[in-house]
Amino acid sequence: SYEDVLDENNYNEINNSAPLEKTGKVRLFVALGRKNDMTPKKLVEMVTSKTKVDERKLKNVEVYENFSFLSVPFHEAEEIIEVFKQDKKGRKPLIEKAKEKKQQ
């Protein structure tokens, strides 16, 4: 009864070269917080010292007890994520794209 649903000829081909959004902001999750002696200023300094991102592009820096968030333009987010991905030493990256907020 599911022949039509399971037939791959009934679906469009997925195009991997779909344009990525190159404008707007990306929210980044940082696995460091106040318990790691992190402050908004220290977080900005850490990111700008490891990357070539201008500190003025880092917006909405929020430091919580166990983690932090910051917003950056799309292009800079890619650069930050890539640099910290190389630095992970077998662990989860220190900075990654934040998950979407769940609607309640």
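Residues numbered from 1 in each chain as written. Predicted model: local features only at pLDDT ≥ 70, side-chain atom pairs only at ≥ 80, totals over all residues. Heavy atoms only, no water.

**Some words on the pairing of strand E1 (residues 25–30)**
Judged by which residues are buried, E1 turns out to be one-sided: Val 26, Leu 28 and Val 30 face inward and are buried, whereas Lys 25, Arg 27 and Phe 29, on the alternate face, are not. Strand direction decides the pairing type here: E1 and strand E3 (residues 68–73), joined by six bridges, are antiparallel. Within E3, the residue paired with Leu 28 across the bridge is Leu 70. Pairing between E1 and strand E4 (residues 95–97): three bridges, direction antiparallel. From the neighbouring strand, Phe 29 faces E4, where its bridge partner is Glu 96. (Buried < 20%, exposed > 50% of the residue type's maximum accessible area, 1.4 Å probe, protein only. Helix = DSSP H or I, 4+ residues; strand = E, 2+ residues; numbered from the N terminus. Pairing = 2+ DSSP bridges.)

**Concerning the side chain of Thr 51**
Secondary-structure assignment places Thr 51 in the loop between helix H2 (40–50) and strand E2 (59–63). By relative accessible area, which is 4% here, Thr 51 ends up buried. Of note is the side chain of Thr 51, whose polar atom sits 2.7 Å from the backbone oxygen of Val 47. Of note is the side chain of Thr 51, whose polar atom sits 3.4 Å from the backbone nitrogen of Val 53. If sequence neighbours within four positions are ignored, Thr 51 has contacts with Glu 79, Ile 80, Val 83 and Phe 84. (Polar contact = N/O pair within 3.5 Å; in protein donor to acceptor, adjacent residues only side chain to side chain. Contact = heavy atoms within 4.5 Å.)

**Overview of unusual backbone geometry**
In the Ramachandran plot, Asp 37 falls in the positive-phi region, its phi being about 65 degrees despite a non-glycine side chain. Topologically, Asp 37 is positioned in the loop between E1 and H2. A residue is classified by how much of its surface remains accessible, and Asp 37, at 53% relative accessible area, is exposed. For Asn 60, which is not glycine, the phi torsion reads 50 degrees and is therefore positive. Assignment of secondary structure puts Asn 60 in strand E2. Take Asn 60: its relative accessible area is 52%, and that puts it in the exposed class.

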